[in-house]
Amino acid sequence: MDFIDLKTPYARHKQEIDNSIQRVLDHGRYIMGPEIEELEGRLAAYVGVEHCISAGSGTDALLMAMMALGIGIGDEVITTPFTFIAPAETIAFLGAKPVFVDIDPATYNIDPALIEKAITTKTKAIMPVSLYGQCAEFDEINAIAGAHKIPVIEDGAQSFGATYKGRRSGGLTTIGCTSFFPSKPLGCYGDGGACFTNDGNLATRMSQIRVHGQDRRYHHPVLGFNGRMDTLQAAILLAKLETYDDEVDTRYRLGGRFTDQLARVAPAVTAPYVESYNASVYAQYTVQSENRDLIIKELALIGIPTAVHYPVPLHRQPVFQAIEGVGNQGPFPTSENAASRVFSLPMHPYLSTDDQDKIIDAIASVLGSTS
Ligand SMILES: *Cc1c(COP(=O)(O)O)cnc(C)c1O
């Protein structure tokens, strides 16, 4: 059993994907070829925004967004300590300070009720993460940000295709960023990412930043870097987008089915909580249990892979202990509690219901033998 199956979707759509790749090999425009603009148009329409700026990775997308907003040395950006390191890392990389705010215990997303207290005169943005595929509380977050005239950047690396009150992730904030890393809900065959916005000035700045701050050849009005997506990755994404709606539907159905089945092992294992107005894409199907380590060990013995997203909250990461004022934040009891209890089950659109049943049976049998 695969934790995430990347081979089956390729096998099923091999012809379309191979043809799309071959077209790039034939025209040879490997950098900023015609597939880039075509993909950006398609992604902008999908998300429901005016501008999409494709990027070399989700990490590049976060950097491009913050650089376009002028975030740099001495600034503060409010974010969550319970996620992958990229948001806090990119904030610190620009010389700004990631200011951590604890999460909501049910959704694992940043707790909007705690944001206001963290705002100072140095706060230049709020960067919530839509963790595991469920959007953060954007109405509340945008209202707080609006009152302080601060932009909001969604890290939607795990939530491409998710909806919040009927609107798609990526189009809910000043700038939305996502990742097309192979194991993300919409994955390419290497690194890729994108920024989304309705603000034309920010869009122009981000598209300059990703080509070394160029506005025309060898003329550089702003500081940039190489943040481009490869044409080959755009071609692969164009082919994969054709089936993405079906895959999102399947993720939604399989996630719901997992949650129903987990009632068998409640309350020893807690299923993810999804707000009624959210549709999660379940980038990870993450549960929690006191008996996490035992369950993981026993499942591994019978060939069921699991993963822990994430075992160490970011304020505890060694790298941040060395950066003045970053590592000594906290305590963040909800993040720390989650880090000690969560684990993710195999989840992808090609997971069979038989495999789902096998996973639940295995968890039930581990718990049965402990009680
Ligand atoms: C994967 C991920 C990223 C980084 O994306 P890359 O494309 O790997 O650079 C950023 N934020 C979160 C929450 C992620 O899960």
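The text that follows walks through the structure, step by step, so that each part is easy to find. (Residues numbered from 1 in each chain as written. Predicted model: local features only at pLDDT ≥ 70, side-chain atom pairs only at ≥ 80, totals over all residues. Heavy atoms only, no water.)

**A short note on the site of the ligand**
Let me state the cut-off plainly: If a single non-hydrogen atom of a residue is within 4 Å of a molecule or strand, that residue counts as near it. Here a polar contact is recorded for every N or O atom pair within 3.5 Å, except that within protein the pair must consist of a potential hydrogen donor and a potential acceptor, and residues adjacent in sequence are included only if both atoms are side-chain atoms. In these tables, accessible area is a Shrake-Rupley quantity obtained with a 1.4 Å probe, and a residue counts as shielded only by the protein chains included in the view.
Looking at the ligand, there are 15 residues lining it, with Gly58, Thr59, Asp155, Ser179 and Lys184 nearest. Within the backbone of Gly58, one N or O atom sits 2.7 Å away from an oxygen atom of the ligand. At 2.5 Å, a side-chain N or O of Thr59 approaches an oxygen atom of the ligand. A total of 380 Å² of accessible area belongs to the ligand in isolation, and the protein chains cover 93% of it.

**A short note on the packing of aromatic side chains**
Stated precisely, the cut-off is as follows: When the centres of two rings from Phe, Tyr and Trp lie within 6.5 Å, Trp using its six-membered ring, the rings pair. Their planes under 30 degrees apart give stacked, over 60 give edge-to-face, and anything left gives tilted. Each helix is a run of DSSP H or I of at least 4 residues and each strand a run of E of at least 2, with the numbering of both proceeding from the N terminus. The buried label goes to any residue with under 20% of its type's maximum accessible area, the exposed label to any with over 50%, and the partly exposed label to all in between, with areas taken from a 1.4 Å probe on protein chains only. Put simply, a charge is over a ring when the Lys NZ or the Arg CZ is close to the ring centre, within 6 Å, and near the line of the ring normal, within 35 degrees.
Counted under the stated rule, the structure contains 15 aromatic pairs. Geometrically, the ring pair formed by Phe84 and Tyr310 is tilted, given 6.4 Å between the ring centres and 40° between the ring planes. One end of the pair, Phe84, is in the loop between strand S2 (76–79) and helix H5 (86–93); the other, Tyr310, is in the loop between helix H11 (292–301) and helix H12 (318–321), and 226 residues separate them in sequence. Note on Phe84: relative accessible area 43%, which makes it partly exposed. Tyr310 gets classed as buried once you look at its relative accessible area, which sits at 14%. The ring of Tyr46 is capped by Arg168, whose NZ or CZ atom sits 3.7 Å from the centre of that ring.

**Observations regarding the pattern of salt bridges**
Keep this limit in mind: Note on definitions: salt bridges are taken to be side-chain nitrogens of Lys or Arg within 4 Å of carboxyl oxygens of Asp or Glu.
Taken as a whole and assessed by the stated rule, the structure comprises 11 salt bridges. Across the pair Lys124 and Asp75 runs a salt bridge, and its minimum N-O distance is 3.0 Å. Here Lys124, found in strand S4 (residues 123–127), pairs with Asp75, found in the loop between helix H4 (58–68) and S2; they are 49 residues apart in sequence, far enough to count as distant. Note on Lys124: relative accessible area 36%, which makes it partly exposed. Between Asp361 and Arg264 there is a salt bridge whose closest N-O contact spans 2.9 Å. Taken as a pair, Asp361 in helix H14 (residues 353–370) and Arg264 in the loop between helix H10 (244–261) and strand S10 (269–270) lie far apart in primary sequence, 97 residues in all.

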